Amino acid sequence: MDPMTQSAQISSSQGLADGQHLAAKESKLSVKDLIHWRDPKKSGLVFGLSMLLLLSLAAFSFISVVSYLLLALLCVTITFRIYKSVVQAVQKSSDGHPFKTLIEKDVSIPPETFRKHVDSSLTHINRALKQMSRLFLVEDLVDSLKLAVVMWLFTYVGAVFNGITILILADILLFAVPPVYEKNKTQIDQYIDVIRTQVNTTMAKLQEKLPGAVKRCKTE
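Residues numbered from 1 in each chain as written. Predicted model: local features only at pLDDT ≥ 70, side-chain atom pairs only at ≥ 80, totals over all residues. Heavy atoms only, no water.

1. Some words on the overall build of the protein
Next, step 1: If you tally the helices and strands in the protein, you get 8 helices and 0 strands.
Next, step 2: Reading the protein from its N terminus to its C terminus gives the helix and strand order α-α-α-α-α-α-α-α.
Next, step 3: Here the protein, with 220 residues, has 10% of them falling under the buried criterion.
Next, step 4: Here the analysis covers contacts within the protein between residues at least 6 apart in sequence; of these, 53% occur between residues at least 24 apart.
Next, step 5: Total accessible area on the protein is roughly 18,400 Å²; 67% of this is exposed by carbon and sulfur atoms. (Helix = DSSP H or I, 4+ residues; strand = E, 2+ residues; numbered from the N terminus. Buried < 20%, exposed > 50% of the residue type's maximum accessible area, 1.4 Å probe, protein only. Contact = heavy atoms within 4.5 Å. Areas by Shrake-Rupley, 256 points an atom, 1.4 Å probe, with all protein chains shown as cover.)

Structure follows, in structure tokens:
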């Protein structure tokens, strides 16, 4: 192969990889910007739509909500298609299908992207399975007791709230906590450090007294 051609192909592949990395980085930053209300209009729109969806799921079944959303989308696209057809017939223009650009757009998922996400998901699943095995087989008694306490507390949460209510509260906290934390970061971090120190001290004392507890070595 010609060295110039090979060099151009390498540069092109590197540019593509850099572009994908930059796009992924911008996507992550956009989510962070949304929950920090960098752009109030976009954040308000996303928050409003997410709340509307969750409130709809609280009032109607999942199938009904999905059916209504798809029906509304179809009504919009069909109405727009008919409107453009009438306009083209009146003006005797040949603009073609109004959604031609979107129809010709490639919406298929590249195999490399699919395999990448599958591999990433598999890594997280294996890590979660390993952690569950460690907790439920009581490799560390203190950690297993922590899990038992959390599950016991969740029984009370489940008795008061259902899944949709918890998702609504989580959505509100997701958009409310980051701005508050950003404005009061120093004070909140101080309180968190105090609480973390007290919890770690208590757990260390408990771990020393409990028989069969595993003393873990902290590695960097």
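2. A closer look at the packing of helix H7 (residues 163–183) against helix H8 (residues 185–209)
Next, step 1: Contact geometry of H7 with H8 gives a least axis separation of 5 Å together with a crossing angle of 100°. By the angle between their directions, the pair H7 and H8 is classed as roughly perpendicular. Each of Val180, Tyr181, Glu182 and Lys183 in H7 lies in contact with H8, whose residues at this interface are Lys185, Ile188 and Asp189.
Next, step 2: The residue makeup of the contact of H7 with H8, split by class, is 3 nonpolar, no polar and 4 charged. (Axes fitted to C-alpha atoms, helices over the stretch in contact; angles between N-to-C directions. Parallel < 35°, antiparallel > 145°, perpendicular 65-115°, else oblique. Nonpolar A, V, L, I, M, F, W, Y, C, P; charged D, E, K, R; others polar.)

3. Structural notes on the pattern of salt bridges
Next, step 1: Overall, the coordinates contain 6 salt bridges when judged by the stated rule.
Next, step 2: In this structure, aspartate 189 engages lysine 185 in a salt bridge whose closest nitrogen and oxygen atoms are separated by 3.1 Å. One end of the pair, aspartate 189, and the other, lysine 185, are both in helix H8, 4 residues apart, so they sit about a helical turn from each other.
Next, step 3: Residue classification places aspartate 189 among the partly exposed residues on the basis of a relative accessible area of 22%.
Next, step 4: Take lysine 185: its relative accessible area is 43%, and that puts it in the partly exposed class. (Salt bridge = Lys/Arg side-chain N within 4 Å of Asp/Glu carboxyl O.)

4. Let's talk about a nonpolar patch on the surface
Next, step 1: Taken together, the side chains of Phe62, Ile63, Val66, Leu70 and Leu73 present a nonpolar region at the surface, about 530 Å² in accessible area.
Next, step 2: Looking at where valine 66 falls in the secondary structure, it is placed in helix H3 (residues 62–91). (Patch = residues over 30% accessible without salt bridge, like charges linked within 9 Å, V, L, I, M, F, W, Y side chains within 5 Å.)

5. Description of helix H2 (residues 40–59)
Next, step 1: If you check H2, its first and last C-alpha atoms are 28 Å apart, about what 20 residues at 1.5 Å a residue would give, namely 28 Å.
Next, step 2: Within H2 the residues assigned to the buried category are Ser43, Ser50, Met51 and Leu54. One side of H2 carries all its buried residues, which in axial view fall inside an arc of 100°. Away from the buried face of H2 by more than 90 degrees, exposed residues Lys41, Lys42, Leu45, Leu49, Leu52 and Ala59 are located. (Expected span 1.5 Å × (residues − 1). Arc of directions from axis to C-beta.)

6. As for the environment of aspartate 33
Next, step 1: In this structure, aspartate 33 sits in helix H1 (residues 3–35).
Next, step 2: For aspartate 33, a relative accessible area of 32% puts it in the partly exposed group.
Next, step 3: Separated by 10 residues in sequence, aspartate 33 and serine 43 place their C-alpha atoms 8.1 Å apart.
Next, step 4: Once residues within four sequence positions are removed from consideration, aspartate 33 is found in contact with Arg38 and Ser43.

7. With respect to the packing of H2 against H3
Next, step 1: In contact at an axis separation of 8 Å, H2 and H3 are set at 130° when each is read in the N-to-C sense. Here H2 lies oblique to H3, going by the angle between them. Where H2 crosses over H3, the handedness of that crossing is right-handed. Taking contact as the criterion, the partners of Leu53, Ser56 and Leu57 in H2 are, on H3, Phe62, Val65 and Leu69. (Left-handed = near helix turned anticlockwise from the far one by under 90°.)

8. A word on the packing of aromatic side chains
Next, step 1: Overall, the coordinates contain 5 aromatic pairs when judged by the stated rule.
Next, step 2: Ring centres 6.1 Å apart and planes at 75° place the aromatic pair tryptophan 37 and phenylalanine 175 in the edge-to-face group. With a gap of 138 residues between them, tryptophan 37 in the loop between H1 and H2 and phenylalanine 175 in helix H7 connect regions that are remote in the sequence.
Next, step 3: On the basis of relative accessible area, tryptophan 37 is assigned to the partly exposed category, the value being 30%. (Phe/Tyr/Trp six-rings, centres within 6.5 Å; stacked < 30°, edge-to-face > 60°.)

Keep in mind that these numbers describe shape and distance, not what the molecule does.
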